[in-house]
Each structure stands twice: as C-alpha cells, then as structure tokens.
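# Fold and contact review
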Amino acid sequence: MKAIPVADSVGMVLSHDLTKIVSGKFKGPAFKKGHVIQPEDIPVLLSMGKDHIYIWEPPEGHIHENDAAYRIAKTVIGNGIVHTEPHEGKISFKADYDGLFKVNKNAINRINSILNMCFSTLHNNFPVNQGKTVAATRVIPLTIEEKAVIEVESLAREYEWIIKVTKFKPLKIGAVITGNEVYYKRIEDAFGPALKKKLDSFGYSIEEQIYMPDDINRITDTILQLKENGKELILVAGGMSVDPDDRTPGAIKNTGASIITYGSPVLPGAMFMAAELEGTIILGLPACVIYSPSTILDIVLPRILAGELINREDIIQLGVGGLCQNCEICFYPNCGFGKG
Ligand SMILES: Nc1nc2c(c(=O)[nH]1)N[C@H]1C(S)=C(S)[C@@H](COP(=O)(O)OP(=O)(O)OC[C@H]3O[C@@H](n4cnc5c(N)ncnc54)[C@H](O)[C@@H]3O)O[C@H]1N2
Ligand code: MOO
C-alpha cells in the first residue's frame, strides 16, 4: 500500500473501502475496495476529508480484475456483439442486432477450467433482439495472475469465433396448407395464422400460401411450384402422421428432395420432417404447431432464418431437453426446451 495525494490518484485502485458519513442521513462505503478512481471522484474524496489515500498496487505478475475483464472481452468477442465497461470487475456482452446467438461450448469450458475465470453465456442458438445480454465475464479475485489471462488469449486464437450473433437473412418463404377439412372449408384454417404469428415475431412473412387437399401429387406439384417461384423456405402444414390421409411426408419425398429427417426426438414435434431440394429447405409441420405455443418449429426456425443448414445430427441432439413441460404460461425460449 502506498499513500498518495488524491489529486494524483485518477486511474489508481483503492486499497480499502472509504466510508462516508452525512450526519443523520447516511453512513456507508462511498467507494469500495478495488474501485478505480475517476476524475469525478476527486471532489467527492476531498469533501470527505481525504487529501491523501492509500493506493493498492497489484502483486508482482498480477493485474486488476477490470484490466483482466477487458482483455478477456477483447479476445473472446465476435461479430454482432458489443461489450460494456467493467462494473465491479464484470463486463457484459450485448447483441448488436437481432439474430441468433452462437457460442462455442468447448471454448467456454476451456476458459472456465482456468483457475479464477468466470465466463457465463446464454445457451447456444438462442434467438436474441438487439441489446439483449448474451454473456458476461469477470475474474473471481480482485487481482489475477496475468498468465491466466494470457492463457485465455492464446486459447481464443485457436477458434474462429467463440461468441457471436448471426444476423437473420432475408428469405423468401412459401407455405402449403394441406388437409381436406380446410381445403373444402369444413373448418377454418388455423395453421396459416399460427405460422404468420411465428414468422411475424422474427420480422418475416409468407409470400405465397396455397391450400391443398390430401392429394399427394397435387401437394408435390405445389411444393415444386413454390420452389420454381423462388421460395427458399417452404412450410408444408399438416398431414404428417399415420392416418391414410396423411400425405405430406410422401409428397415432400416425391419432389426429389433429400430427406434430412422424418421424425424428431422432440415433443411436441415428433412428426416433423426436414428436407432439402437444391438449396431450398422444406419443412413438414405436424398439426401440434397449431396447438402448442412451442414445438420443434420454434427450435429449428431461428437457425434456418440465420442461414444454417440443419442436419440429422442436430436433430438427434435435441432429445435431451426436447420434452416440453407444457407450462401454464409459456416462457420459451427462456426455459430448458430445446436446449440439449
Ligand atoms: N395413431 C397416431 N395418431 C397420431 C400420431 C401418431 O403417431 N399415431 N401422432 C400425433 C401427433 S404427435 C401429431 S403432432 C399429430 C400430427 O398431426 P398431422 O400433422 O398428421 O395433422 P392432421 O392429421 O392433418 O390433423 C390433426 C388435427 O389437426 C387439425 N388440423 C390440421 N391442419 C389444420 C389446419 N390447417 N387448420 C385447422 N386445423 C387443422 C385437423 O383437423 C385434425 O383435427 O397427429 C397425432 N396423432
Ligand atoms: O409429436 Mo406431435 O408431432 O408432437 O405433437
């Protein structure tokens, strides 16, 4: 510890709490141990009778928590993310635009296995709006050996990115709503409005929506027509399970698309199909999408909107955490559903 004139202390670190007392009104620490003295603190310190203060000097080879957090933030931050100033040693990361938050779990685990590191994030593939806090970091003690920070910096260089937000891409979307009951107007369509609501929430719309009876050839032709019209994502609604009139899986197959999956280990959403036809994604959506606030569609849609190609392995990984709890009020994505 070293005593220095307050006027010369800007940028230095307080060695202990400084108590302020205002008769009958306040008693407590005005400045805390570890606080980095700011220019605006000087008059306050002088008014508290502190002409000199004890300055803390880090032990040999150590750096202050704020400096450590800065260096970690600088090395880990990726596209689409901004970070705050350190507050009591913690730096937060925020989305710079709407998109899909991506985190490399392996890199984060390696950082957190370095003694005294704390790096905390949202789940991978979390859809975020601009300004959403996606991660935060700090070191545990007030000072940390610089070599721990250097270790983070060097492991970060092994990765192309560790945390980032991928912007949602413009996408031409078409829909085929299947089912005799809707086509022949025995009941009112509930699928179109359900899809519209979901897509609206991400700023997308369905450019072309076509109704079809349970006729396998007509459904196939309609998908191909939407593809011909330039649609990059085609949603085929209903007719996905086991009844004789459930034609959608066969109709998607007959387009010649390669099937990524028929079936998913997600409930609701077991009867889901994903396929790809020359760059166009075709999704077969079971009727649970009408009924349940969150389904397999809510899990995969943000990734597709961010331009990712979903593969069979991605779907397999969804089993753990793939069971919706059917809460009375749905808070998805702020829950464990789809976070396997
Ligand atoms: N024996 C079995 N039955 C069911 C299974 C199963 O494996 N074995 N799976 C269940 C699961 S899980 C789901 S999800 C649904 C899947 O339904 P589909 O996608 O095949 O949907 P449909 O059979 O065409 O319709 C079911 C239900 O939803 C109504 N519907 C469908 N589309 C619309 C629309 N556009 N607007 C309003 N309502 C619609 C339809 O009239 C039916 O009532 O199957 C389970 N059954
Ligand atoms: O499994 Mo259905 O496709 O869950 O609701």
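Residues numbered from 1 in each chain as written. Chains lettered and ligands numbered in written order. Predicted model: local features only at pLDDT ≥ 70, side-chain atom pairs only at ≥ 80, totals over all residues. Heavy atoms only, no water.

## Quick look at the domain arrangement of the protein chain
Partitioning the protein chain into structural domains gives domain 1 (2-55), domain 2 (62-166) and domain 3 (173-316). Placing a centre on the C-alpha atoms of domain 1 and another on those of domain 2 gives a separation of 30 Å. (Domains from an automatic or database assignment.)

## Side note on the site of ligand 2
Around ligand 2, the neighbouring residues are L267, P268, G269, A270, M271, P286 and C288. In the environment of ligand 2, an oxygen atom lies 2.6 Å from a nitrogen or oxygen atom belonging to the backbone of G269. Backbone polar atom of A270 to an oxygen atom of ligand 2: 2.9 Å apart, as the coordinates give it. Per-class residue counts for the shell around ligand 2 are six nonpolar, one polar and no charged. (Near = heavy atom within 4 Å. Polar contact = N/O pair within 3.5 Å; in protein donor to acceptor, adjacent residues only side chain to side chain. Nonpolar A, V, L, I, M, F, W, Y, C, P; charged D, E, K, R; others polar.)

## A word on the nonpolar core
Formed by 34 residues in total, the largest nonpolar core has its most connected members in L195, L233, L235, F272, L283 and L285. Looking at this core, the elements with two or more residues in it are β15 (173-178), α6 (191-201), β17 (233-237), β20 (280-285) and α10 (296-305). Looking at this core element by element, the count peaks at seven residues for α10. Among all residues touching L283, those that are not within four sequence positions of it are L233, I234, L235, V236, I252, F272, M273, A274, L297 and I304. Ranked by size, the runner-up nonpolar core spans 33 residues in total, among them I91, A148, V149 and L155. (Core = buried A, V, L, I, M, F, W, Y, C linked by side-chain atoms within 4.5 Å. Buried < 20%, exposed > 50% of the residue type's maximum accessible area, 1.4 Å probe, protein only. Helix = DSSP H or I, 4+ residues; strand = E, 2+ residues; numbered from the N terminus. Contact = heavy atoms within 4.5 Å.)

## A closer look at the pattern of salt bridges
A full pass over the atoms with the stated rule returns eleven salt bridges. E207 is the salt-bridge partner of K231, the closest N and O atoms lying 3.5 Å from each other. Pair noted here: K231 is in the loop between α7 (216-228) and β17 and E207 is in the loop between α6 and β16 (208-212), with a separation of 24 residues, a long-range link. Residue K231 is classed as buried on the basis of its relative accessible area, which comes to 5%. A residue is classified by how much of its surface remains accessible, and E207, at 46% relative accessible area, is partly exposed. Here R303 makes a salt bridge to E308, at a shortest N to O gap of 2.8 Å. (Salt bridge = Lys/Arg side-chain N within 4 Å of Asp/Glu carboxyl O.)

## What about the UniProt feature "domain: MoaB/Mog" (unreviewed entry) in the protein chain?
Under the UniProt annotation, the feature "domain: MoaB/Mog" (unreviewed entry) is placed at residues 174-306. Spanning residues 174-306, this segment combines 36% helix with 23% strand, and its end C-alpha atoms are found 17 Å apart. (UniProt positions renumbered as here; feature names shortened; annotations may be inferred.)

## Here we look at the site of ligand 1
Taken together, 19 residues sit near ligand 1, with E181, A190, M240, S241 and M271 positioned nearest. E181 places a polar side-chain atom, nitrogen or oxygen, 2.7 Å from an oxygen atom of ligand 1. A190 places a main-chain nitrogen or oxygen 2.8 Å from a nitrogen atom of ligand 1. Out of a free accessible area of 870 Å², ligand 1 has 62% covered by protein chains. Those elements that place two or more of their residues in the shell around ligand 1 are α5 (180-183) and α9 (288-291). (Areas by Shrake-Rupley, 256 points an atom, 1.4 Å probe, with all protein chains shown as cover.)

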